[in-house]
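Single-letter residue listing:
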Amino acid sequence: MSAVMSSASTDTAWRELHEAATVPYKKGGSFAWHFARGKLGRDPVFRGLLERGLVGAQHQRVVDIGCGQGLFASLLASMSAMQKKGRWPSSWSTTPAAADYTGIELMPKDVARAQASIGHLQPTPQLVCGDMCSAALPDCDLVVILDVLHYVDLEAQEGVLQRVRSALAGGGNPQARLLLRVGDASSRRGFAISQWVDRTVTRIRGHKVSPTWGRPLADWKALLQRLGFRVQSIPMSEGTPFANVLLVADLEAAA
Ligand SMILES: C[S@@+](CC[C@H](N)C(=O)[O-])C[C@H]1O[C@@H](n2cnc3c(N)ncnc32)[C@H](O)[C@@H]1O
């Protein structure tokens, strides 16, 4: 990894990163390409993670649960490439030089789109078609779960988080981290809007629309603390009508 950091403005660097991370989706077809461009451009979470230095070089082994078409894998690879070229703003932290990425996704069509688009990246992303409630979670340094847990009931959510805790602890990295974005059910209007959008998108994608399960922010934090995480919450729905919150949960032992 080059230690050379350019002083490029973060807006310019973000545009470059957006372009680089979405280019692979041209291989996956028109839907994959447009979806990647829209999602990466409009969802504040991706740039938010970067600007706050929440993904560090020490987060080498990454598990992305409910990965969809694997946008986070493409982002990691493009971030690494920009750093190698020295095109990285000095205010942004270094991210993994070559992340070992495992994406777990329930929907076979999403996995196929991910495979067609980013299957060629190096190191090769592992794309697993499976249910997060039962799929094996490899030992890792970073788990990312963005807008996924509400698809399963409260008991199943806790089961997933317990297994995430074990996978992070098993990795042996004292800086292991879970990045979990959820809706805050205590913010009724924003939560209702995100549920409505979620159902509509699910229907448009041709999937059966199932009920969703939320918790107020305080309950999410209490659950994570009970499972042995140190938690901070960051509002993460800027520029959208949602009530999304990013929970940054570090293993308690890392305190
Ligand atoms: C709102 S999308 C978020 C996708 C991705 N995390 C992102 O931020 O771009 C939720 C994803 O979770 C997946 N999902 C839902 N239930 C799941 C389960 N039980 N196991 C694995 N993935 C699941 C959906 O198929 C969908 O791709």
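Residues numbered from 1 in each chain as written. Predicted model: local features only at pLDDT ≥ 70, side-chain atom pairs only at ≥ 80, totals over all residues. Heavy atoms only, no water.

**So, the site of the ligand**
Neighbouring the ligand are 15 residues, the closest being Gly66, Glu105, Asp131, Met132 and Leu146. Within the contact set of the ligand, an oxygen atom lies 2.6 Å away from a side-chain nitrogen or oxygen of Glu105. Contact between the ligand and Met132: a nitrogen atom at 2.9 Å from a main-chain N or O atom of the residue. For the ligand, the accessible surface in isolation is 590 Å², of which the surrounding protein chains cover 89%. Along the lines of polarity and charge, the residues of the shell around the ligand split into six nonpolar, three polar and six charged. (Near = heavy atom within 4 Å. Polar contact = N/O pair within 3.5 Å; in protein donor to acceptor, adjacent residues only side chain to side chain. Areas by Shrake-Rupley, 256 points an atom, 1.4 Å probe, with all protein chains shown as cover. Nonpolar A, V, L, I, M, F, W, Y, C, P; charged D, E, K, R; others polar.)

**Focus on the sheet that holds strand E7 (residues 244-251)**
Spatially, seven strands are ordered E3-E2-E1-E4-E5-E7-E6 in an open sheet, and the strand pairing comes out mixed. Sheet topology places strand E3 (126-129) and strand E6 (229-235) at the edges, where each strand pairs with a single neighbour. Pairs of neighbouring strands in the sheet enclose a mean axial angle of 15 degrees, with direction left out of account. Sheet topology note: the strand E5 (residues 177-183)/E7 ladder contains seven bridges and is antiparallel. When the bridges of E7 are listed, Leu179 appears paired with Val248. (Pairing = 2+ DSSP bridges. Helix = DSSP H or I, 4+ residues; strand = E, 2+ residues; numbered from the N terminus. Axes fitted to C-alpha atoms, helices over the stretch in contact; angles between N-to-C directions.)

**As for helix H4 (residues 71-84)**
Relative to the 20 Å expected for 14 residues at 1.5 Å per residue, H4 spans 20 Å between its end C-alpha atoms, a close match to the ideal helical length. H4 sits mainly inside the fold: eleven of its 14 residues count as buried. Residue Gly86 follows H4 closely and has a positive phi angle near 75 degrees. (Expected span 1.5 Å × (residues − 1). Buried < 20%, exposed > 50% of the residue type's maximum accessible area, 1.4 Å probe, protein only.)

**What to know about the pairing of E5**
Counting buried residues in E5 gives seven out of seven residues, a clear majority hidden from the surface. Going residue by residue along E5, you find Arg177, Leu179, Arg181 and Gly183 tucked away on one face and Leu178, Leu180 and Val182 tucked away on the opposite face as well. Taken together, the five bridges between strand E4 (residues 142-146) and E5 define a ladder with parallel strand orientation. In the strand pairing of E5, Val144 is matched with Leu179. A crossover connection joins E4 to the parallel E5 through helix H6 (residues 154-170); in handedness this β-α-β unit is right-handed. (Right-handed = clockwise from strand over helix to strand, strands pointing away.)

**Description of the packing of aromatic side chains**
The tally for this structure, following the rule as stated, stands at two aromatic pairs. Ring centres of Phe31 and Phe35 lie 5.8 Å apart, and the angle between their planes is 15 degrees; on these two criteria the pair is classed as stacked. Highlighted residues: Phe31 and Phe35, both in helix H2 (residues 30-42), separated by four residues, approximately one helical turn. Each ring, one from Trp88 and one from Trp92, has its centre 5.0 Å from the other, and the planes form 75 degrees; the classification is edge-to-face. One cation-aromatic arrangement involves Lys26 over Trp33; the distance from NZ or CZ to the ring centre is 4.9 Å. (Phe/Tyr/Trp six-rings, centres within 6.5 Å; stacked < 30°, edge-to-face > 60°. Lys NZ or Arg CZ within 6 Å of the ring centre and 35° of its normal.)

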